[in-house]
Amino acid sequence: MRVTKHEHAMLVADEGGDLLVIDPGSFTPALPDLSRAVAVVITHEHADHWTPEHLRRIRETAGDIPVFGPPGVADAAAEFGVTVVAPGETHRAGPFSLRFFGGRHAVIHSSIPVVDNVGVLVNGTLYYPGDSYAVPTLEGGARVPLLAAPVGAPWLKISEAMDFVLAVAPERAFSTHEQTLSPAGLALGRARLAWSVEQGGGSFAALDAGDSLDV
């Protein structure tokens, strides 16, 4: 499976030519060709993780493909007929197995409501937590092969992000959710996450928008 990072929170997984789109939000200014998409996963309802315009464009090119998300996404994106998912569930879309974890967004501030959020494990290989520190469990205690780890956000403290990576202890990791950071801040955050991955014997890849990894 090939995983391509796009700006901020958007990821695209390619399995044999079929595409899975994750979190096509407002900080991703332009979508690539997604005519081969078979499903979309939206981890939560915040605009930097989905927009109606992006979903409409995807369905215009790929057809009436399913959109998976927690209850808050189903309410916010009611016009798209979202398939509601919950932590502990596994769903299939084309060649993709989608297993969901977590349930709630990380706390931003006591004045801001905490919304639904799910992390997703794709084909047992790529894990993305959305805006949370939900740690996945793989069968037999296996390690996560590839972790997409948030590096910058109003809810994120770098020590907590490092502890999350240490807890997951993936074989490989790259950073996501970076559009709130300056170039210097992103470099600093990547260095901290790289250290955290290496403590478990894993490796870190500094992916920019458009870069890909095979897993």
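See the structure above.
Values in this document were obtained by computation on a predicted structure and should not be read as measured data.

Peer 1: Help me understand the nonpolar core, please; the structure alone is not making it clear to me.
Peer 2: Side chains that are nonpolar tend, in soluble globular proteins, to be buried together. Residues L20, I22, L98, V122, L126 and F174 are the most contacted members of the largest nonpolar core, which totals 27 residues. The contacts of L20, once residues within four sequence positions are left out, are L11, V12, A13, A39, V40, V41, F96, L98 and V122. Core analysis: the next-biggest nonpolar cluster, separate from the first, contains 22 residues, F101, V144, A161 and L193 among them.

Peer 1: Which parts of the structure should I look at to understand the environment of V67?
Peer 2: Mapped onto the elements of the fold, V67 is located in strand β5 (residues 67-69). On the basis of relative accessibility, which here comes to 2%, the residue V67 falls in the buried class. Sequence-wise, V67 and V21 are 46 residues apart; in three dimensions their C-alpha atoms are separated by 9.4 Å. Not counting the four nearest positions on each side in its chain, V67 is found in contact with V40, I42, L55, R59, V82 and T83.

Peer 1: Explain the environment of D116 here, please?
Peer 2: Counting through the fold element by element, D116 comes out in strand β9 (residues 116-122). Taking C-alpha positions, D116 is 25 Å from A169, a pair spaced 53 residues apart along the chain. Not counting residues up to four positions away in its chain, the partners in contact with D116 are T43, H44, P70, P71, G72, G103, R104 and H105. Looking at D116, its side chain comes within polar contact range of the side chain of R104, at 2.8 Å.

Peer 1: Please clarify how helix α1 (residues 52-62) should be interpreted in this entry.
Peer 2: Taken as a whole, α1 has its buried residues at H54, L55, I58, R59 and A62. The arc that holds the buried residues of α1, viewed along the axis, is 130 degrees, so those residues lie on one side. Turned more than 90 degrees away from the buried face of α1 sit E53 and E60, all of them exposed. Elements that come into contact with the buried residues of α1 comprise β3 (18-22), β4 (37-41) and β5. A positive backbone phi angle near 95 degrees is found at G63, which sits one or two residues after α1.

Peer 1: Please explain the packing of aromatic side chains as it appears in this structure.
Peer 2: Two measures describe an aromatic ring pair: the distance that separates the ring centres and the angle between the ring planes. According to the stated counting rule, one finds 4 aromatic pairs in the structure shown. Through pairs of rings, three or more aromatic residues link up here, namely Y133, W155 and F164.

Peer 1: How should I be thinking about the sheet that holds strand β6 (residues 83-84) in this particular structure?
Peer 2: Backbone hydrogen bonds hold the strands of a sheet together, and the pairing may be parallel or antiparallel. Here 7 strands make up an open sheet; going across it, the order is β6-β5-β4-β3-β2-β1-β14 and the pairing mixed. The strands lining the two open edges of the sheet, one partner per strand, are β6 and β14 (212-214). Both β3 and β4 contribute to a ladder of 4 bridges, which runs parallel. If you follow V21 over to β4, its bridge partner there is V40. Docked against the sheet, α1 engages β3, β4 and β5, running at close to 160 degrees with respect to β4.

The rules behind these values
Residues numbered from 1 in each chain as written. Predicted model: local features only at pLDDT ≥ 70, side-chain atom pairs only at ≥ 80, totals over all residues. Heavy atoms only, no water. Core = buried A, V, L, I, M, F, W, Y, C linked by side-chain atoms within 4.5 Å. Buried < 20%, exposed > 50% of the residue type's maximum accessible area, 1.4 Å probe, protein only. Contact = heavy atoms within 4.5 Å. Helix = DSSP H or I, 4+ residues; strand = E, 2+ residues; numbered from the N terminus. Polar contact = N/O pair within 3.5 Å; in protein donor to acceptor, adjacent residues only side chain to side chain. Arc of directions from axis to C-beta. Phe/Tyr/Trp six-rings, centres within 6.5 Å; stacked < 30°, edge-to-face > 60°. Pairing = 2+ DSSP bridges. Axes fitted to C-alpha atoms, helices over the stretch in contact; angles between N-to-C directions.

Any functional reading would require information beyond the geometric quantities listed.
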